[in-house]
Amino acid sequence: MKYCRFVSAEGPRYGIIENMSGVDQITHIAPGNEIPDFLGAQKVAPIPVASAKLLAPVDPAKIVCVGRNYRDHVKELGNDEPAEPVIFLKPQTSLIGPGDKIVRPQRLSQRVDYEAELTIVIGKRCRNLGENEDVKPYILGYTCSNDVTTRDLQRKDGQWTRAKSFDTFCPVGPIVTDEIDPWAGVRVESYVNGVVKQSESTTAFIFPVDVIVRFCAAVMTLLPGDLILTGTPAGIGSVVAGDEVAITIQGIGSLKNPVVDSD
Ligand code: MG
């Protein structure tokens, strides 16, 4: 299934997306604005996804991120390959949706980087999963994220909280799908002004999705709507005001955000 969260006449709503005659359309809308099970979704006159104002596809309680999960990216930053997943958090206030502006904190940082990341959307509360327990029942689907980072502050601080946490530093979307298989490989790409910067398959993960979910759930209770960003491939680089960053993942779509400077 594919779904999005968008601005309806009644406010933010979750919509089911179906392809009709080659066009992605919202065909059902879930009641309320909570993570839906879609059982009570109402059929509506089809709304083309391209003409809907899309929002970040969930309102997460937390955003967990995995660092250093692709060997080539570990090398490009001169780090050692981790023996177990390296995780950190981004605040909920960093979340923005498709088309929203990434604001560069120009007085505090001289280098703001994009990071394309396949993102897991948790669908069911989970904690302490068994070693052989299947993680798929806990995953609602997958989406695209941009783990925007002030690289200079990340190096200066020695830990990552400030570098990863500015408002607007977590664009997510455009949709969520459970119709892709990260274990089999999906291509994760970033583009700046239409020029490809990162392009790698999730088969290059150091830690696959099941290891990541199990690792996180051993630390904290994962709640429906929580996001887990799975790390970025090699090819990171900076953006400036006026740029447009697109995070494109096979089977999901393109998450596009313009970059502006703070006042
Ligand atoms: Mg990252």
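Just so it is clear, the model here is predicted, and its values are computed rather than measured.

Criteria and cut-off values
Residues numbered from 1 in each chain as written. Predicted model: local features only at pLDDT ≥ 70, side-chain atom pairs only at ≥ 80, totals over all residues. Heavy atoms only, no water. Salt bridge = Lys/Arg side-chain N within 4 Å of Asp/Glu carboxyl O. Helix = DSSP H or I, 4+ residues; strand = E, 2+ residues; numbered from the N terminus. Buried < 20%, exposed > 50% of the residue type's maximum accessible area, 1.4 Å probe, protein only. Donors = N, O, S within 2.8 Å, 3.2 Å for Na, K, Ca; no water. Domains from an automatic or database assignment. Contact = heavy atoms within 4.5 Å. Buried area = accessible area lost by both parts, 1.4 Å probe. Nonpolar A, V, L, I, M, F, W, Y, C, P; charged D, E, K, R; others polar. Phe/Tyr/Trp six-rings, centres within 6.5 Å; stacked < 30°, edge-to-face > 60°. Pairing = 2+ DSSP bridges. Axes fitted to C-alpha atoms, helices over the stretch in contact; angles between N-to-C directions. Core = buried A, V, L, I, M, F, W, Y, C linked by side-chain atoms within 4.5 Å.

1. Observations concerning the pattern of salt bridges
The full count for this structure, using the stated rule, is 13 salt bridges. A salt bridge links Arg 71 to Glu 81; the nearest nitrogen and oxygen atoms lie 3.1 Å apart. In this pair, Arg 71 sits in helix H1 (residues 71–76) while Glu 81 sits in the loop between H1 and strand S7 (86–90), placing the two residues 10 residues apart along the sequence. Classification of Arg 71 as partly exposed rests on a relative accessible area of 40%. Look at Glu 81 and you get partly exposed, because its relative accessible area is 42%.

2. Concerning the coordination of the magnesium ion
The coordination sphere of the magnesium ion, as far as protein atoms go, consists of Glu 115 (OE), Glu 117 (OE) and Asp 147 (OD), spread over 2.0 to 2.1 Å. Sequence spacing of the donor residues for the magnesium ion, all on one chain, is E-x1-E-x29-D. Linking Glu 115 in the loop between strand S10 (112–114) and strand S11 (116–122) with Asp 147 in the loop between strand S12 (139–146) and strand S13 (149–150), this pair joins segments that are 32 residues apart in sequence. Residue classification places Glu 115 among the buried residues on the basis of a relative accessible area of 3%.

3. A look at the domain arrangement of the protein chain
Taken domain by domain, the protein chain holds domain 1 (2–51) and domain 2 (63–261). A C-alpha centroid distance of 25 Å is found between domain 1 and domain 2. Contact with domain 1, which involves 5 residues of that partner, is made by 10 residues of domain 2. Its largest share of buried area at the contact with domain 2, domain 1 owes to Lys 2, Tyr 3 and Ile 35, together 82% of the area lost on that side. In this assembly, domain 1 and domain 2 are joined by 0 salt bridges. Of the residues contributing to the side of domain 1 that touches domain 2, the split by class is 4 nonpolar, no polar and 1 charged.

4. Examining the packing of aromatic side chains
Per the stated rule, a full pass over the model turns up 4 aromatic pairs. Seen in terms of ring centroids, Tyr 70 and Phe 205 are 5.2 Å apart; in terms of plane orientation they differ by 65 degrees. Their pairing is edge-to-face. Taken together, the residues span a long stretch of sequence, with Tyr 70 in the loop between strand S6 (63–67) and H1 and Phe 205 in the loop between strand S16 (195–201) and helix H4 (209–217) at a distance of 135 residues. Its relative accessible area of 8% is what places Phe 205 among the buried residues. Ring plane angle 75 degrees and centroid distance 5.1 Å describe the contact between Phe 88 and Trp 160, whose orientation is recorded as edge-to-face.

5. Thoughts on unusual backbone geometry
Here the bond from Gly 173 into Pro 174 is cis, since omega is 0 degrees, no more than 30 degrees from zero. Within the fold, Pro 174 resides in strand S14 (residues 170–177). Even without being a glycine, Arg 68 presents a positive backbone phi close to 55 degrees. Relative to the elements of secondary structure, Arg 68 occurs in the loop between S6 and H1.

6. A short note on the pairing of strand S19 (residues 244–249)
Among the 6 residues that make up S19, 5 are buried, leaving the element largely enclosed by the rest of the structure. The pairing of strand S15 (residues 187–192) with S19 spans 5 bridges and is classified as antiparallel. Directly across from Glu 189, in S19, lies its bridge partner Thr 248. Bridge analysis of S19 against strand S20 (residues 253–261) gives 6 bridges, and the strand direction is antiparallel. Residue pairing for S20: Ala 246 is matched across the bridge by Lys 256. Here S19 folds back onto S20, and the loop between the two strands holds 3 residues, one of which, Gly 251, carries a positive phi near 90 degrees.

7. As for the sheet that holds S19
With respect to topology, 5 strands assemble into an open sheet ordered S9-S20-S19-S15-S16, the strand pairing being mixed. Because the sheet does not close on itself, it has two edges, and the strands there are strand S9 (102–104) and S16. Each strand of the sheet is rotated relative to its neighbour by a mean of 20 degrees, with strand direction disregarded. Bridge count between S15 and S16: 6 bridges; the pairing is antiparallel. Looking across to S16, one finds that Ser 190 is bridged to Gln 198.

8. Observations concerning the nonpolar core
Core analysis: the biggest nonpolar cluster contains 55 residues, and Leu 118, Ile 120, Val 213, Leu 222 and Ile 228 have the highest contact counts within it. Element by element, the count of residues in this core is highest for H4, at 5 residues. Two domains each provide a minimum of three residues to this core, namely domain 1 (2–51) and domain 2 (63–261). Look past the residues within four positions of Ile 120 in its chain and what remains in contact with it is Ile 139, Gly 141, Tyr 142, Val 209, Ile 212, Val 213, Asp 226, Leu 227, Ile 228 and Thr 230. Counting 19 residues, the second largest nonpolar core, distinct from the first, contains Ala 56, Cys 65, Val 121 and Leu 229.

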